[in-house]
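Remarks on the overall topology
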Amino acid sequence: MISQTDPPEYRGDVVRVRRERHRLPDGREVSLDAVRCPAGATVVPLLPDGRVVLLRQFRPIVGAELCEVPAGTTNPGESPEACARRELVEEAGYEAGRLERLGEILVDPGLTDDRLFLFVARDLRPVARRPEPDEAIEVFVVPLTEAYRMIDAGEIMDAGTVAALLSLRCRAPE
């Protein structure tokens, strides 16, 4: 529970970073750096033949090209499901006939309140992609088993992608 908040140290277009004072369950007060941001959604586009649509995208913050599934941050007033549907169209070029929730994760609760909602999209229909101006995305398709292998081999490192794919694998019939 926040007992007192110092003025914001940084406010960007998407995040706020500030020093906050919190009271621990034992009564001690601590001061923590906190990154506050809107929730996000990650969606696994699953084709009827069991292949998954992946994205190859350069991420300047980590200086690397990453393999991911479509994901993004919710706009003000937008539900996580609507965000997942929007990102699926923008980044991958598909609309989902069905969108199933897989769960949600806290990305790094020691630093941020970033909450990521996980979905799988089925009954996909191709549409025109609408990437954001700052996105350079290559869309490719692999068998779902290959995506799992890529996680095991460290070729997929994006936390939301890993969590969504592994959540899907846990629900797969044996």
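Scroll up to find the structure this text is about.
Here is a short report on the structure shown in this document.

Rules and cut-offs
Residue positions are counted from 1 within each chain, in the order its sequence is given. pLDDT decides what is reported in this predicted model: residues at 70 or higher carry local features, side-chain atom pairs at 80 or more are listed and counted, and totals for whole chains, interfaces and linings draw on all residues regardless. Excluded from the side-chain calculation are hydrogens and water; included are all heavy atoms of the structure. Helix axes are fitted to C-alpha atoms over the stretch in contact, other axes to C-alpha atoms as well, and angles between N-to-C directions run from 0 to 180 degrees. In this description a helix means any DSSP run of H or I spanning at least four residues, a strand means any run of E spanning at least two, and both kinds are numbered starting from the N terminus. When describing relative orientation, an angle under 35 degrees is termed roughly parallel and one over 145 degrees roughly antiparallel, while 65 to 115 degrees is termed roughly perpendicular and anything else oblique. Should the near helix be turned anticlockwise from the far one by less than a right angle, the crossing is left-handed, and should it be turned clockwise, the crossing is right-handed. Any two residues whose heavy atoms approach within 4.5 Å are treated as being in contact. Note that Gly is not counted as nonpolar here; it falls among the polar residues with everything else outside the nonpolar set of Ala, Val, Leu, Ile, Met, Phe, Trp, Tyr, Cys and Pro and the charged set of Asp, Glu, Lys and Arg. Strand pairing follows a simple DSSP-based rule, namely that at least 2 bridges must link the two strands. Residue types Ala, Val, Leu, Ile, Met, Phe, Trp, Tyr and Cys, when buried and joined through side-chain atoms within 4.5 Å, form a set referred to as a nonpolar core. Relative accessibility decides the category of a residue: with a 1.4 Å probe and only protein chains considered, values under 20% of the type maximum give buried, values over 50% give exposed, and everything between is partly exposed. In this count, Lys and Arg are taken as positive residues and Asp and Glu as negative ones, while His and the chain termini are left out. Every case where a carboxyl oxygen of Asp or Glu lies within 4 Å of a side-chain nitrogen of Lys or Arg is listed as a salt bridge. Here a polar contact is recorded for every N or O atom pair within 3.5 Å, except that within protein the pair must consist of a potential hydrogen donor and a potential acceptor, and residues adjacent in sequence are included only if both atoms are side-chain atoms. Classification of ring pairs rests on two measures: the distance between centres of Phe, Tyr or Trp rings, Trp counted by its six-membered ring, which must be within 6.5 Å, and the angle between planes, read as stacked under 30 degrees, edge-to-face over 60 and tilted in between. By the criterion adopted, a ring carries a charge over it if an Arg CZ or a Lys NZ lies within 6 Å of its centre and within 35 degrees of its normal.

Examining the packing of helix H2 (residues 144–152) against helix H3 (residues 159–171)
Where H2 contacts H3, the two axes come as close as 11 Å, and the packing angle between them is 125 degrees. The orientation of H2 relative to H3 falls into the category oblique. The handedness of the crossing between H2 and H3 is left-handed. Contacts from Leu144, Ala147, Tyr148, Ile151 and Asp152 of H2 reach H3 at Val162, Leu165, Leu166, Leu168 and Arg169. Considered class by class, the residues forming the contact of H2 with H3 number eight nonpolar, no polar and two charged.

Details of the side chain of Ser167
You can see Ser167 is positioned in helix H3. Residues contacting Ser167, with those up to four places away along its chain left out, are Leu102 and Leu118.

What to know about the sheet that holds strand E7 (residues 64–68)
The sheet built from three strands is open, its strands ordered E7-E6-E11 with antiparallel pairing. With partners counted over all chains shown, the strands left at the sheet margins are E7 and strand E11 (137–143), one partner each. If you compare each strand with its neighbour and ignore which way they point, the axes differ by 25 degrees on average. In this structure, strand E6 (residues 51–59) lies alongside E11, joined through seven bridges in antiparallel fashion. When the sheet's bridge partners are listed, Arg56 is paired in E11 with Glu138.

Structural notes on the nonpolar core
One recurring pattern in soluble globular proteins: nonpolar side chains tend to sit buried together. Membership of the largest hydrophobic core comes to 23 residues, with the highest contact counts inside it found for Val44, Val52, Leu54, Leu144, Ile156, Leu165 and Leu168. In contact with Ile156, not counting residues within four places along its chain, are Leu54, Cys67, Ala147, Met150, Ile151, Thr161, Val162 and Leu165. Listed in part, the 17 residues of the second largest apolar core include Val43, Val53, Ala96 and Phe119.

Details of the side chain of Glu91
By secondary structure assignment, the location of Glu91 is in helix H1 (residues 80–92). No salt bridge is formed by the buried Glu91; the nearest opposite charge belongs to Arg59, separated by 5.2 Å. Within the local environment of Glu91, its side chain forms a polar contact with the backbone nitrogen of Ala71, the two atoms lying 3.1 Å apart.

Comments concerning the packing of aromatic side chains
Under the defined criterion, the tally for this structure stands at zero aromatic pairs. One Lys or Arg, Arg56, reaches over the ring of Phe140 and ends 4.1 Å from the middle of that ring. The side chain of Arg169 reaches across the aromatic face of Tyr148, ending 4.7 Å from its centre.

Focus: the sheet that holds strand E5 (residues 40–45)
Spatial strand order, E8-E5-E10-E9: four strands in an open sheet with mixed pairing. The sheet is open, and its two edges are formed by strand E8 (71–73) and strand E9 (94–106), each paired on a single side. Shown here is a sheet whose adjacent strand axes are inclined to one another by a mean of 25 degrees, direction ignored. Note that E5 and E8 share three bridges and pair antiparallel. Opposite Ala41, over in E8, you have Gly72 as the bridge partner. Relative to the sheet, H1 contacts E5, E8, E9 and strand E10 (115–126), its axis offset from that of E9 by approximately 120 degrees.

Nothing here speaks to function; it is geometry throughout.
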